[in-house]
Amino acid sequence: MYDYIIVGAGSAGCVLANRLSEDPQCRVLLLEAGPRDRNPFIHMPAGLARLVNNRRINWNLYTEPEPALDGRRLWWPRGKVLGGSSSINAMCYVRGVPADYDAWAADGALGWDWAQVLPWFLHCEANSRGASALHGDAGPLSVSDLRHHNPLSDAFLDAAVQAGHPRNDDFNGAQQLGVGLYQVTQRDGARCSSATAYLRPARRRRNLTVLTGAHARMLTFQGDTASGIYFRHAGAHRHASASTEVILSAGAIHSPHLLMLSGIGPARRLRSHGITPRVDLPGVGGNLQDHLDICTLVHTQPGVSYDRSNQARIAFDYFLRGRRGAGTSNIAEAGGFARSPLAPDARADVQFHFVPAMLDDHGRHRLPGDGYTLHACALHPRSRGRIHLRDADPASPPRIEANYLGDADGHDMAMLKACVRMSREILRQPAFDRWRGAPIFPDRDDLDGAAMAAFIRAKAETIYHPVGTCAMGTHADAVVDPHLRVHGLRRLRVVDASVMPQLVSGNTNAPTLMLAERAAHWIRAAATPT
């Protein structure tokens, strides 16, 4: 018998495992479907390029054919390893802006406004620049400036300034708009995943049990109270019981999937798979949102990009010279935030990630020669998708209907067109004159509206930020309340990116850690006698 069972050792699950096991009287079980984070390329920042095709640590998910994207099935990489996606991402530390969280609160996530969440961001953070009103320096998560960046990233920054974007050295400061080098979740030149920051310091606690290779199958209940979970581990079916709470931290795809397998979700859809509904919650799996991204690629001269870099030299500098050189790069070194002509409010509605290498199909398709890539994504899409059950078999992957560009008024397509135009405007500036070769994608400069739409339908991809499928709130489609407790049930919470009611203006890892820190505080307080 455990006090707490946490399903998923990703970004949120590692936070919870650390914080809940701080009380030596509490027995905590942490279940992770993937392996331990022993692969050295997890910890070497530039090693993320070597992890792309590693299915052992990646769920390797695909969407259903996307109607607005030429019927393509888009690849959705998600971390299947201790640390989850924080062990395979590009480490950009971005929180979003105050208006994002004020919008959450206005949408029914009471208590999640900026004034309430900022202290929890500071509680997480150990920023190498030191403490300030907007940064912490004593938290578990190391946030630092890059040790190394490519000359092409400097060219991008200069070009963006020439195109009218202000320089910004802190996207988490008083102003988000502008361009700069990203701060990253690294410690001494190595990745600082949630497993490194939170789980590693807690692993020796006798009251914390971590099981890797443990595949969750179904939650168990006594009446309306969550009591445990069935899971498969080491070839055997097992059950574990929790006396206090069961907490789902399996992410925006797998948390709603497990709820539905357990009879919690849209009743009609559950019955169609032969599952008896326990609680009819129509919002489970709905409200799926993601940042759709479009890349502009350009050839450059040999010897400057990372496309054909000297791998032996990079490894020597990193492993034998104290984590120096290009091995410490997060690859997506520079970027920024901007307002397009379509922006409805003062927030940025476009985010850039600049990569000094050619990145096609997430790096899975290697192109000949050398080049650079500018990612641009629309930050506030209006399209909404859904996670469905494929069948009642827990081993079957969920059906992902992202519904990209599916909004009725065509706003999301207009935004992607604006992303292409803004990217082209930056890349044509004089700062790139010495580096610029022939265009790759798109392969010409004179695209009209129809040709640009065709390019987007053929090449747009996820930038890896799915949220919203167990949204918090008090409205009819909310899955959890503002304290992240599943509606209609007791002792069951969801704590991960699935509870975000709306996407934030930027990357989603830092907000996920923040909400897990806050949830851990509430969970411990609820278990403390008054």
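Right, let's walk through the structure included here. (Residues numbered from 1 in each chain as written. Predicted model: local features only at pLDDT ≥ 70, side-chain atom pairs only at ≥ 80, totals over all residues. Heavy atoms only, no water.)

## Considerations on the packing of aromatic side chains
- Scanning the entire structure with this criterion turns up 13 aromatic pairs.
- Ring geometry for Tyr-101 against Trp-114: centres 5.8 Å apart, planes inclined by 35 degrees, an arrangement best described as tilted. Separated by 13 residues along the polypeptide, Tyr-101 in helix α3 (residues 98-106) and Trp-114 in helix α4 (residues 114-124) bring together distant segments of the chain. The pair Tyr-101 / Trp-114 is uniform in exposure class, with both members buried.
- Each member of the aromatic cluster is reached from another via a ring pair, and the members are Tyr-101, Trp-104, Trp-112, Trp-114, Phe-121 and Trp-522.
- We note Arg-364 situated over the ring of Trp-75; from NZ or CZ to the ring centre the distance is 4.2 Å. (Phe/Tyr/Trp six-rings, centres within 6.5 Å; stacked < 30°, edge-to-face > 60°. Helix = DSSP H or I, 4+ residues; strand = E, 2+ residues; numbered from the N terminus. Buried < 20%, exposed > 50% of the residue type's maximum accessible area, 1.4 Å probe, protein only. Lys NZ or Arg CZ within 6 Å of the ring centre and 35° of its normal.)

## Concerning a nonpolar patch on the surface
- A contiguous nonpolar patch, built from Phe-316, Phe-319 and Leu-320 and spanning about 340 Å² of accessible area, is present on the exposed surface.
- Here Phe-319 shows up in helix α9 (residues 311-320). (Patch = residues over 30% accessible without salt bridge, like charges linked within 9 Å, V, L, I, M, F, W, Y side chains within 5 Å. Areas by Shrake-Rupley, 256 points an atom, 1.4 Å probe, with all protein chains shown as cover. Salt bridge = Lys/Arg side-chain N within 4 Å of Asp/Glu carboxyl O.)

## Brief notes about the nonpolar core
- In this structure, Trp-112, Phe-156, Leu-259, Ile-264, Ile-456 and Leu-492 are the most contacted members of the largest nonpolar core, which totals 135 residues.
- With nine residues, helix α12 (residues 509-527) is the single largest residue contributor to this core.
- Among residues more than four places away in sequence, those in contact with Phe-156 are Val-179, Ala-334, Gly-335, Phe-352, Phe-354, Leu-374, Ile-426 and Phe-432.
- In this structure, Leu-48, Val-184, Ile-314 and Tyr-318 belong to the second largest nonpolar core, which totals 15 residues. (Core = buried A, V, L, I, M, F, W, Y, C linked by side-chain atoms within 4.5 Å. Contact = heavy atoms within 4.5 Å.)

## Considering the packing of α3 against α4
- Axis separation between α3 and α4 bottoms out at 9 Å; the angle between their running directions is 125 degrees. Classified by the interaxial angle, the pair formed by α3 and α4 is oblique. From α3, Pro-98, Tyr-101 and Asp-102 reach across to α4, where they touch Trp-114, Val-117 and Phe-121. (Axes fitted to C-alpha atoms, helices over the stretch in contact; angles between N-to-C directions. Parallel < 35°, antiparallel > 145°, perpendicular 65-115°, else oblique.)

## Considerations on the pairing of strand β11 (residues 214-222)
- As judged from the eight bridges shared by β11 and strand β12 (residues 225-233), these two strands associate in the antiparallel manner. By the bridge assignment, Gln-222 is partnered in β12 with Thr-225.
- Hairpin remark: β11 followed by β12, antiparallel, with two residues in the connecting loop; positive phi at Gly-223, about 65 degrees. (Pairing = 2+ DSSP bridges.)

These figures come from the coordinates and say nothing about function on their own.
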